[in-house]
Amino acid sequence: MKKTLTTLVLGTAMAAGPAMADLVFPDLSYRTGPYAAGGIPFSDGYNDYFTLLNERDGGIGGVTAKVIECETGYNTEKGVECYESTKGQGALVYQPLSTGITYQLIPKVTADNIPLHTMGYGRTSAANGEVFSHVFNYPANYWNGASGVINYLLEENGGDLKGKKIALIYHNSAYGKEPIRTLEELSEKHGFELVALPVDHPGQEQKSQWLQIRRERPDTVVMWGWGVMNQVAIQEAANIRFPMENFIGVWWSGAEHDVMPAGAKADGYKAVTFHNVGRDFPVFDDIQKYVVDAGKAAGAGDQVGNVLYNRGMYAAMLAAEAAKTAQEIHGTKEITAAMMRDGMEALVIDEAKMESLGMPNFGPTFSVSCDNHGGPGLVGVTQWDAESKTWSLISDFKPSDTEVIGKLVEEDSGAYAAENKIEPRCN
Amino acid sequence: MFYREAGDFKTSYADDSQTFPIKFDRVRYYAVLAVAFGIIPFLINDYWANAILLPFLIYSIAAIGLNILVGYCGQVSLGTGGFMAVGAYACYKLMTAFPEVSMFIHVLLAGGITAVVCVAFGLPSLRIKGFYLAVATLAAQFFLVWLFNRVPWFYNYSASGQINAPERDTFGILITGPNAPAWATYLFCLIFLAFCALVARNLTRGTVGRSWMAIRDMDIAAEIIGVNPLKAKLTAFAVSGFFIGISGALFFAVYLGAVEVGEAFGISKSFLVLFMVIIGGLGSIFGSFAGAAFLVLLPVILKVVGVDLLNWPTDIVAHFQLVIVGALIIVFLIAEPHGMAQLWRVAKEKLRLWPFPH
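Residues numbered from 1 in each chain as written. Chains lettered and ligands numbered in written order. Predicted model: local features only at pLDDT ≥ 70, side-chain atom pairs only at ≥ 80, totals over all residues. Heavy atoms only, no water.

A. Just the overall build of chain A, in detail. Secondary structure summary: chain A contains 14 helices and 13 strands in total. By the compact-globule yardstick of 22 Å for 427 residues, chain A fits well, its C-alpha radius of gyration being 21 Å. In terms of overall dimensions, chain A has C-alpha extents of about 65 × 50 × 45 Å along its principal axes. Counting over 427 residues, chain A shows a buried share of 60%. Residue pairs in contact within chain A that sit at least 24 positions apart in sequence constitute 70% of those at least 6 positions apart. Accessible surface computed for chain A: about 15,000 Å², of which carbon and sulfur atoms make up 49%. Treating the 35 positive side-chain charges of chain A as one cloud and the 54 negative ones as another, the clouds have centres 4 Å apart. (Helix = DSSP H or I, 4+ residues; strand = E, 2+ residues; numbered from the N terminus. Rg over C-alpha atoms; globule rule 2.2 N^0.38 Å. Buried < 20%, exposed > 50% of the residue type's maximum accessible area, 1.4 Å probe, protein only. Contact = heavy atoms within 4.5 Å. Areas by Shrake-Rupley, 256 points an atom, 1.4 Å probe, with all protein chains shown as cover. Lys, Arg positive; Asp, Glu negative; His and termini not counted. Charge placed at Lys NZ, Arg CZ, Asp CG, Glu CD.)

B. Up close: the interface of chain A and chain B. Chain A puts 40 residues into the contact, and the matching count from chain B is 39 residues. The residue B:Lys269 makes a salt bridge to A:Glu77 at a minimum N-O spacing of 2.4 Å. Our count for the contact surface shared by chain A and chain B stands at 12 residue pairs in polar contact (both at pLDDT 80 or more). Sorting the residues of the side of chain A that touches chain B by element identifies α1 (2–10), β2 (65–71), α3 (76–87), α4 (99–112), α6 (174–190) and α14 (402–420) of chain A as the ones contributing at least two each. (Salt bridge = Lys/Arg side-chain N within 4 Å of Asp/Glu carboxyl O. Polar contact = N/O pair within 3.5 Å; in protein donor to acceptor, adjacent residues only side chain to side chain.)

C. The arrangement of the state of the cysteines in detail. As enumerated under the stated definition, the model contains 2 disulfides over all chains in all. Residue pairing for A:Cys70: its cysteine sulfur links by disulfide to A:Cys82, the two sulfurs lying 2.0 Å apart. Between A:Cys70 and A:Cys82, the disulfide has an S-S torsion of -80° and is therefore left-handed. Taken together, the residues A:Cys70 in strand β2 and A:Cys82 in helix α3 connect sequence positions 12 residues apart. Residue classification places A:Cys70 among the buried residues on the basis of a relative accessible area of 4%. When the cysteines of chain A that form disulfides are numbered from the N-terminus onward, they connect as 1-2, 3-4. The thiol of B:Cys73 is not disulfide-bonded; the next cysteine sulfur, from B:Cys118, is found 11 Å away. A relative accessible area of 0% means that B:Cys73 is categorised as buried. Summary of cysteine pairing: B:Cys91 is not part of a disulfide, and the nearest cysteine sulfur, belonging to B:Cys189, is at 11 Å. (Disulfide = S-S within 2.5 Å.)

D. Spotlight on the confidence of the model for chain B. In this model, chain B carries an average pLDDT of 90, and 99% of its residues clear a pLDDT of 70 or more. The ipTM, which scores confidence in the relative placement of chains, is 0.86 for this predicted complex, and the corresponding pTM is 0.90. (pLDDT = per-residue confidence, 0-100.)

E. Quick peek at the sheet that holds strand β12 (residues 380–385) of chain A. Residue and element names in this part refer to chain A. With mixed pairing, 7 strands are arranged side by side in an open sheet as β6-β5-β7-β8-β9-β12-β13. Pairing within the sheet leaves two strands with one partner each, and these edge strands are β6 (193–199) and β13 (390–393). With direction set aside, neighbouring strand axes in the sheet form an average angle of 25°. As paired strands, strand β5 (residues 165–171) and β6 are joined by 7 bridges and run parallel to one another. By the bridge assignment for β6, Ile 169 is matched with Leu 197. Strands β5, β6, β7 (220–224) and β8 (247–249) of the sheet are contacted by helix α8 (residues 228–239), whose axis makes an angle of about 165° with β7. (Pairing = 2+ DSSP bridges. Axes fitted to C-alpha atoms, helices over the stretch in contact; angles between N-to-C directions.)

F. Summary view of the packing of aromatic side chains. All names here are of chain A. What the rule picks out here adds up to 44 aromatic pairs over all chains. Ring centres 6.1 Å apart and planes at 70° place the aromatic pair Phe 136 and Tyr 138 in the edge-to-face group. Overall, the relative accessible area of 0% leaves Phe 136 in the buried class. Grouped by ring-pair contacts, the aromatic residues Trp 210, Phe 242, Phe 247, Tyr 269, Trp 384 and Trp 391 constitute a single cluster. The aromatic ring of Trp 252 is capped on one face by Arg 311, whose charged end is 4.6 Å from the ring centroid. (Phe/Tyr/Trp six-rings, centres within 6.5 Å; stacked < 30°, edge-to-face > 60°. Lys NZ or Arg CZ within 6 Å of the ring centre and 35° of its normal.)

G. Region of the structure containing helix α11 (residues 307–330) of chain A. All names here are of chain A. Its 24 residues give α11 an end-to-end C-alpha distance of 35 Å, which sits within 8% of 34 Å, the value for a rise of 1.5 Å per residue. Burial within α11 is extensive, with 20 of its 24 residues counted as buried. Within two residues after α11, Gly 331 carries a phi angle of roughly 65°, on the positive side. (Expected span 1.5 Å × (residues − 1).)

H. Up close: a nonpolar patch on the surface. All names here are of chain B. A grouping of Ile 301, Val 305, Leu 309, Leu 310, Trp 312, Ile 316, Phe 320, Leu 322, Val 323 and Ile 324 is seen on the molecular surface, where their side chains present a nonpolar patch of about 920 Å² in accessible area. Those elements that place two or more of their residues in the nonpolar patch are α13 (285–309) and α14 (314–335). Take the nonpolar patch: its biggest share by element is 5 residues, from α14. Among the structural elements, Leu 309 can be located in helix α13. (Patch = residues over 30% accessible without salt bridge, like charges linked within 9 Å, V, L, I, M, F, W, Y side chains within 5 Å.)

I. A look at the domain arrangement of chain A. All names here are of chain A. As far as domains go, chain A holds domain 1 (21–141 + 277–375) and domain 2 (143–276 + 381–405). Domain 1 and domain 2 are separated by 26 Å when their C-alpha centres are compared. At the junction of the two partners, domain 1 supplies 32 residues and domain 2 supplies 28 residues. Regarding the contact of domain 1 and domain 2, the summed buried area is about 2,600 Å², with carbon and sulfur atoms giving 61% of it. For domain 1, the biggest contributors to the area lost against domain 2 are Tyr 35, Val 277 and Arg 311; these three give 27% of the whole. At the boundary of domain 1 with domain 2, the tally comes to 0 salt bridges. There are 17 residue pairs in polar contact (both at pLDDT 80 or more) connecting domain 1 and domain 2. Looking at the side of domain 1 that touches domain 2, the elements that each hand over two or more residues are α2 (36–57), α4 and α11. Of all the elements, α11 adds the most residues to the side of domain 1 that touches domain 2, at 5 residues. (Domains from an automatic or database assignment. Buried area = accessible area lost by both parts, 1.4 Å probe.)

Structure below.
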């Protein structure tokens, strides 16, 4: 940016030269606005993991990792500004943590040859690598999450959901609408009734939706919320005495700050997840020693071990491992964004690797391929214990209904390919 | 001194009533046009286009549109975001239904459709005014956003409810989509801005504009001297809607490329454009440009200074931005309630007399 300003002053149209010394990971974070409660821990975890790699291992393959943070406020216009101002500095991969910004960036990154990793959010059908060459959403996507919820309910109810009523309370945006198609298909397949209740941005006003829930008496309420909407929903559910055991959120509705405001009444609330919770992993000892105690923690340094901190750290770990893979494939330490893309497409996460990183059983094992950018979509379930103020994993990472999801991915990515005249790759 | 009128003789009515009667002003205006059309397209890169110039150009069009309604005709409107959404969705439906038609025509048609919608929501203005009209247009804002969220036909039944601009061209040059060159998107928006500004300027100093201003200043007196309030108010709504629709279409198709109606065209957009008009100067075309530049550029400049130069944490800079922009708005309105356009007018007046004040 500074360079760009100077160049324009000088009257030359030269693009800003990337500094090749570092591996650059932009962090389009949001520490302000109605979604900041979720944005802060994620960004802290993302930053801290790269700080750990730099302090402990001297970077990735001996090259320092550099995180450029840019505040988006969850706003798509600012997201575009952040993308344009950081892409010239050698950015390797973008993780915007916003479905809206993801939709803006999908065509742009494809044209600029920079990979985009939208872990558990973004455009679900981007799992089809044949159409979306530069977009990755491993290890799990929204439709895996929706199917994971239904699978869990099937298990609870002895494999039969006939005649049950499930209410979906969702954020009325692209993000919240994503699971509806899958849930509709699943309701036909398993014979349950689906009631969809939208909540408008930012989600503080939900009285009428909960009134309707009280009237309709659903067996289960599923929540697709984010930011302030989660806290309000859990509080409202407690107010109408909806049994918390039957209230289950997606992974963006299951963090400490969502359940804390409701206090003891939130006890038993559940959420699906694609990674482990808590700080019982060797990697956290290293983070404590090299990052927190050294005074190099991002933000206030008080988020370590929270659900979304773990997710940010997990995202950073996947990016770092993909960078390592890219370094091996191309035999060079100083990789470019195009090489990074190859590294992400060849990424393999097995238990041995997780163990060596100090994260045994932290997430599912998976591998990415040219046609599958979405991973296996293994989903676990977590539950909140209000007394000890901890989340705990109450089920293994289990497969979701690939039959239904595969068909929907095929359909939606096919429509995108036709609209944008994209030839399928991977042959 | 700088604005010398000595020797600048006008020998015809046309000369006397031109937009820039002082030669120095006129020359500078042509110089700005020459730089905008002839030099910037050759220097532009993606950052300048997508982060600074496109938002400035597009918000300028929206501000001109709203200024016609609020500044010239005195009809307070809080529905700008909703009307921009109409432009965006009209453009999207046209783009997907008629892929081979030029983007120029799509954007103009989108403006036309918005004009019709805007007139429909302007009908209550015949009976109510002031705060009551503001509430009526606020209803338009919420209704339109709700409509585009609710009816799947508007977003072509896509799973997420988002609209995405496919690649479309004009005269064989790509205008929308990720592969559109920066200079083409910039020039495309600049042409529309120049067109809108010219039309607005010439409308506002002709019969139509005078009837708007008469309605604004005192509607009963205007009616007595023969201004038709129905015609004056509805033409203001139509012209304003046309410009706002164009800006909405460009905002979606050229600038962002994908839009989620609640996020991009929410109530905050209406307020943003209204602030641009108020800060820039009500009833002034130049004020629309100044207000748009002020509110688009200031956050970017504060970010560059705070994050890139001073290395402050991003959240502190973001919070400071709110404080500083808010404080500057207050200071501006106290120091010069008539906006930046009036500041500029005063500065010009001083320069004309310099170095010999009265």
